Amino acid sequence: MDITAALPLHHLAVRDIAIRRPGATAVFRRFKIDYCCGGGASLAAAAEKRGVEVDKLIAALEAATPTDEPAPTETTALIDHLLERYHEVHRRQFPEAIRLAARVEAVHRDNPDCPAGLSQHLAFMFDDLEMHHQKEEMGLFPMMRRGDADAAGPIACMEAEHEDVIEQLKGLARLTNDFAPPPGACNTWQALYALCREIDADLRDHMHLENNVLFRRFGG
Ligand SMILES: [Fe+2]
Ligand SMILES: [Fe+2]
């Protein structure tokens, strides 16, 4: 029997709530609770750290409705899902976001709200992420598909790189005023920030599934 299922929500680790409660990750993003890399903290501790009332957070979690289909549980199917739903999707999202950012930066360069440096930041993130994807695709994931238990070294390396992504996402939120376009922003500007918000959500969900579901099966 899973004894944690009987614990009140505020004693549970954020990552376990993210795994078990469909819709929870969207609530954590809204409250800026880190569920992918710092997900080991209890809900109460994470709420305190963010200065959020834990009861408010619990009410939001209880009202949450699932948005995505749950990820497959079997290891090989989960790896396939990570590749199709995240690696391949990021490979389409970033070039489009870089293109939109370059356009907004060029057209609105004299506007004080112009996100100067955003296209460069996105390009840097995309380069870094591509190297990270290749390490997972050529090294770690094939080991896991073979059931190789000796994955501790590569897992630690991937987890450290995920922490770097979290820092890069903080930079993305800063550059886009938390993905909020200024009043009167043109359609391109709005589309750019909506895409940046989607990139942020997808990257956090992607790293959550790796760190807290897949890697834990191999001792991560
Ligand atoms: Fe990945
Ligand atoms: Fe990863």
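Residues numbered from 1 in each chain as written. Chains lettered and ligands numbered in written order. Predicted model: local features only at pLDDT ≥ 70, side-chain atom pairs only at ≥ 80, totals over all residues. Heavy atoms only, no water.

*Asks:* Sorry if this is basic, but what is going on with the UniProt feature "domain: Hemerythrin-like" (unreviewed entry) in the chain here?
*Replies:* Sites flagged by UniProt as "domain: Hemerythrin-like" (unreviewed entry) map to residues 79-217. End C-alpha atoms of residues 79-217 are separated by 12 Å, and the span's content is 78% helix alongside 0% strand. (UniProt positions renumbered as here; feature names shortened; annotations may be inferred. Helix = DSSP H or I, 4+ residues; strand = E, 2+ residues; numbered from the N terminus.)

*Asks:* Got a minute to help me understand the coordination of the iron ion (ligand 1) in this structure?
*Replies:* Perfect tetrahedral coordination of a metal by four donors corresponds to 109.5 degrees between them, and perfect octahedral coordination by six donors corresponds to 90 or 180 degrees. For the iron ion (ligand 1), the full set of protein donor atoms is H87 (NE2), E136 (OE), H206 (NE2) and E210 (OE), at a range of 1.9 to 2.2 Å. Angles of 88 to 166° at the metal separate the four donor atoms of the iron ion (ligand 1), which places the site in the irregular class. Every donor residue of the iron ion (ligand 1) comes from the same chain, spaced as H-x48-E-x69-H-x3-E. (Donors = N, O, S within 2.8 Å, 3.2 Å for Na, K, Ca; no water. Tetrahedral: all angles 85-135°; square planar, octahedral: opposite > 155°, others 65-115°.)

*Asks:* Quick question: what am I supposed to make of the coordination of the iron ion (ligand 2) here?
*Replies:* Protein-derived ligands of the iron ion (ligand 2) are H132 (NE2), E136 (OE), H162 (NE2) and E210 (OE), with the metal-ligand distances lying across 2.0 to 2.2 Å. One can describe the donor arrangement at the iron ion (ligand 2) as irregular, given that its four donor atoms subtend angles of 88 to 175° at the metal. Each donor residue of the iron ion (ligand 2) lies on one chain, and together they are spaced H-x3-E-x25-H-x47-E. The metal-metal distance between the iron ion (ligand 2) and the iron ion (ligand 1) comes to 3.2 Å, with E136 coordinating both. Of this pair, H162 sits in helix α7 (residues 152-175) while E210 sits in helix α8 (residues 187-214), and the two are 48 residues apart along the sequence. Each member of the pair, H162 together with E210, is buried. (Buried < 20%, exposed > 50% of the residue type's maximum accessible area, 1.4 Å probe, protein only.)

*Asks:* Please clarify how the pattern of salt bridges should be interpreted in this entry.
*Replies:* Note on pairing: side chains with opposite charge can pair once their charged atoms come close. In the structure shown here, the tally under the stated rule is 12 salt bridges. Here K32 and D178 are joined by a salt bridge, their closest N and O atoms 3.0 Å apart. Taken together, the residues span a long stretch of sequence, with K32 in the loop between α2 (24-30) and α3 (43-50) and D178 in the loop between α7 and α8 at a distance of 146 residues. Because the salt bridges share partners, they merge into one network encompassing E88, R91, E130 and E137. (Salt bridge = Lys/Arg side-chain N within 4 Å of Asp/Glu carboxyl O.)

*Asks:* Which parts of the structure should I look at to understand the side chain of E210?
*Replies:* Summary of buried charges: E210 has no salt-bridge partner, and the nearest side chain of opposite charge, R91, is 10 Å away. A polar atom in the side chain of E210 sits 2.8 Å from the side chain of H206. Not counting residues up to four positions away in its chain, the partners in contact with E210 are L82, H87, H132, E136, F141, H162 and F215. (Lys, Arg positive; Asp, Glu negative; His and termini not counted. Polar contact = N/O pair within 3.5 Å; in protein donor to acceptor, adjacent residues only side chain to side chain. Contact = heavy atoms within 4.5 Å.)

*Asks:* Looking at this structure, I do not really get the packing of helix α6 (residues 118-145) against α7. What am I missing?
*Replies:* If you want to describe how two helices pack, look at the angle between their axes and the distance between the axes. Where α6 meets α7, the axes come as close as 11 Å, and the angle between the chain directions of the two elements is 160°. Taken together, the axes of α6 and α7 lie roughly antiparallel to each other. Like other packed secondary-structure pairs, α6 and α7 cross with a definite hand, here left-handed. Contact residues: α6 offers L118, H121, L122, F124, M125, D128, H132, K135, E136, L140, M143 and M144, while α7 offers P154, I155, M158, E161, H162, Q168, L169, G171, L172 and L175. A breakdown of the residues in the contact of α6 with α7 according to their chemical character gives 13 nonpolar, five polar and four charged. (Axes fitted to C-alpha atoms, helices over the stretch in contact; angles between N-to-C directions. Parallel < 35°, antiparallel > 145°, perpendicular 65-115°, else oblique. Left-handed = near helix turned anticlockwise from the far one by under 90°. Nonpolar A, V, L, I, M, F, W, Y, C, P; charged D, E, K, R; others polar.)

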